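Overview (structure and organization)
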Amino acid sequence: VEHDEAPPKYGGVTLQQLIDFFEMIRPDLAKYMSTHRVCQMESSQWLGHHVCMYDPCPFKPPATSASSLSMFDDHRGLPFVDAASLSTEEEAQLEDLIADSTLIRRRYVKPKEKGSSQGREQEILAPRTPFKTGVYVSHSWTEPFNDLMDTLQRALDKEDVVFMPRLLLTEEEPWPKGKNYSSMQLRHNALIGLRRSDKLVIIADKAFGFS
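Residues numbered from 1 in each chain as written. Predicted model: local features only at pLDDT ≥ 70, side-chain atom pairs only at ≥ 80, totals over all residues. Heavy atoms only, no water.

Turning next to the overall build of the protein. Scanning the protein from N- to C-terminus turns up seven helices and eight strands. Residues classed as buried in the protein amount to 43% of the 211 residues present. In the protein, the share of contacts with a sequence separation of at least 24, taken over all contacts with a separation of at least 6, comes to 76%. As presented, the protein carries roughly 12100 Å² of accessible surface, and 53% of it is formed by carbon and sulfur atoms. (Helix = DSSP H or I, 4+ residues; strand = E, 2+ residues; numbered from the N terminus. Buried < 20%, exposed > 50% of the residue type's maximum accessible area, 1.4 Å probe, protein only. Contact = heavy atoms within 4.5 Å. Areas by Shrake-Rupley, 256 points an atom, 1.4 Å probe, with all protein chains shown as cover.)

What follows concerns the pairing of strand 2 (residues 36-39). Across three bridges, strand 2 lies against strand 3 (residues 50-52) in antiparallel orientation. Residue pairing across strands places Arg37 opposite Val51, the latter belonging to strand 3. (Pairing = 2+ DSSP bridges.)

Turning next to helix 1 (residues 15-35). The periodicity of an α-helix, 3.6 residues per turn, causes residues three or four places apart in sequence to face the same way. Here helix 1 spans 29 Å end to end across 21 residues, near enough to the 30 Å set by a 1.5 Å rise per residue. Of all the bends found along helix 1, the most pronounced is centred on Arg26 and spans about 45°, while Pro27, a proline, follows it within four residues. Buried residues of helix 1: Leu15, Gln17, Leu18, Ile19, Phe21, Phe22, Ile25, Asp28, Leu29, Tyr32 and Thr35, and no others. (Expected span 1.5 Å × (residues − 1). Bend = angle between axes of the 7 residues up to and from the residue.)

This part is about the confidence of the model for the protein. When pLDDT is averaged across the protein, the result is 76; 63% of the residues are at 70 or more. Between the elements of the protein, mean pLDDT differs from a low of 52, seen in helix 2 (residues 66-72), to a high of 98, seen in strand 2. This stretch, residues 171-177, has a pLDDT under 50; its non-local contacts, to residues over four places away or in other chains, come to 13 contacts. (pLDDT = per-residue confidence, 0-100.)

Spelled out as C-alpha cells, the structure:
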C-alpha cells in the first residue's frame, strides 16, 4: 500500500549502525553506570537525579569555578547531585542505574549538552542513504539496552533497516494545532514508520510491557 506521507527524517538505520553505535558508547556507559546511582526517594528534592558516588566525580571537575564546571562537566544535561549532599534517608533509597533506552537517548542520542563527546555518537545513527524502513521495533523503554541489542542481533540480519522511535534524531517540527508539539511530532513519525515497515518486532519485558 502506498502512502502520501514522506518517511520520517532519520527514520531508518541498519542494525549494523546500531551495533556500531552501541560499541562506541559502551566504554563511556560502563564508566558512567559504575560511578552513579539514582535517588528514588519520593519526597526528596533529588528524586530521579543521578548521584555521583565518587568525589570528585570523573564526569565533572573539582568546582574551582562556575565557568570551569560548565565547560568540562560531562553529565550532558542529566540532573545529578553529589552523594555528600544527600541525607541518610535519601542514601538509603539509592538504586542502581539501568542503562535503558531512555538513558541512552538522553545521554547519547539527544543530550541537552554535548559534553566531551561533542555529539559524535549521533553521527553513527545518521542514515547513510534514504533507507526504506524494513523492521519497526517496539520495545520496553525500561529494559536494559544491551538486552535489546542482543535480541535484535538474534532476530535480524545486520543489514536489516530498523525504525526505533526512541532513537530518532528527528528535530521536532511545530504542528498547526495541539499543545505538546514535540510529543505529537514524535508520535506522528512513529505512526508513519510503522505504516511503512514490512515487519514489526515487539520486544516485551517480563510483564509483557512495551511501547
